[in-house]
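# Fold and contact review
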Amino acid sequence: MAQRRRAVRVLEARCTVIHARAAALAGAVLVFAASEAGAQSCGADLVFPRVLESDRYIVAYRTLPSPVVAGEHFVVEFAVCPRDRRQLPASVRVDASMPEHRHGMNYRPVVTAKGDGRYRAEGLMFHMSGRWEMTFDLATADGTVRLAGPLHIE
Ligand SMILES: [Cu+2]
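Every value quoted in this text rests on a predicted model; they were computed, and no experiment measured them.

### Points about the overall build of the chain
- Along its length, the chain carries three helices and nine strands.
- Ordered by position from N to C terminus, the α and β elements of the chain give α-α-α-β-β-β-β-β-β-β-β-β.
- Looking at the chain as a whole, 28% of its 154 residues qualify as buried.
- Nonlocal contacts in the chain, meaning residues at least 24 apart in sequence, comprise 54% of its contacts between residues at least 6 apart.

Right, here's the structure in full:
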């Protein structure tokens with residue numbers, strides 16, 4: 001365990017999916033060796049991932065295309081990495097709004113779980129340029145955890 005904590009601290013802005021894998025496999029007992037072998041940074045295989053962090057979860061994401069084009073649909077690929085051996089959320093909702101304008105999107109994205117804490121949200125569209133805020137709502141056993149971050153659209 002000490003080894004895991006050190007790894008998490010060193011990587012700082014990233015995280016390991018060790019915990020996610022361990023939680024997903026639920027047995028947690030026989031899992032250690034296998035999960036260590038499969039350890040990788042949160043979203044490390046995503047190109048230029050944006051990282052949002054809370055004390056309990058890390059979300060690394062990218063948009064396709066990047067940058068997002070106003071008035072055109074885009075996709076968000078993301079990884080959710082629980083800290084401290086927490087379980088993956090039961091479900092994840094992705095949304096976006098323009099805080100200064102007090103409005104959201106005109107579309108409701110559909111999130112598909114790809115396994116191992118990876119997800120793909122489709123059907124997003126920013127219908128105007130300016131400062132949007134992406135939100136990821138993670139449904140956990142302790143309630144909803146929201147991670148949010150700004151996204152500027154030219
Ligand atoms: Cu607006």
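### Points about unusual backbone geometry
- In this structure, the amide linkage connecting Leu64 to the following residue, Pro65, adopts the cis form with an omega of 0°.
- Here Pro65 is to be found in the loop between strand S2 (57-64) and strand S3 (73-82).
- Across the junction of Ser66 and Pro67, the peptide omega takes the value 0°, indicating a cis bond.
- Positive phi, normally seen in glycine, also occurs at Arg85, with a value near 60°.
- Following the sequence through the fold, Arg85 ends up in the loop between S3 and strand S4 (91-98).
- In the Ramachandran plot, Arg102 falls in the positive-phi region, its phi being about 55° despite a non-glycine side chain.
- The topology assignment puts Arg102 in the loop between S4 and strand S5 (103-104).

### Comments concerning the pairing of strand S6 (residues 110-115)
- Within S6, only zero of the six residues are buried, which leaves the element largely exposed.
- With five bridges joining them, S6 and strand S7 (residues 118-125) adopt antiparallel strand pairing. Within the sheet, the bridge partner assigned to Val111 lies in S7 and is Ala121.
- Here S6 folds back onto S7 in antiparallel fashion, the turn holding two residues, of which Asp116 has a positive phi close to 55°.

About the cut-offs
Residues numbered from 1 in each chain as written. Predicted model: local features only at pLDDT ≥ 70, side-chain atom pairs only at ≥ 80, totals over all residues. Helix = DSSP H or I, 4+ residues; strand = E, 2+ residues; numbered from the N terminus. Buried ≥ 20, exposed ≤ 12 C-beta atoms within 10 Å, placed from the backbone. Contact = placed C-beta atoms within 7 Å. Pairing = 2+ DSSP bridges.

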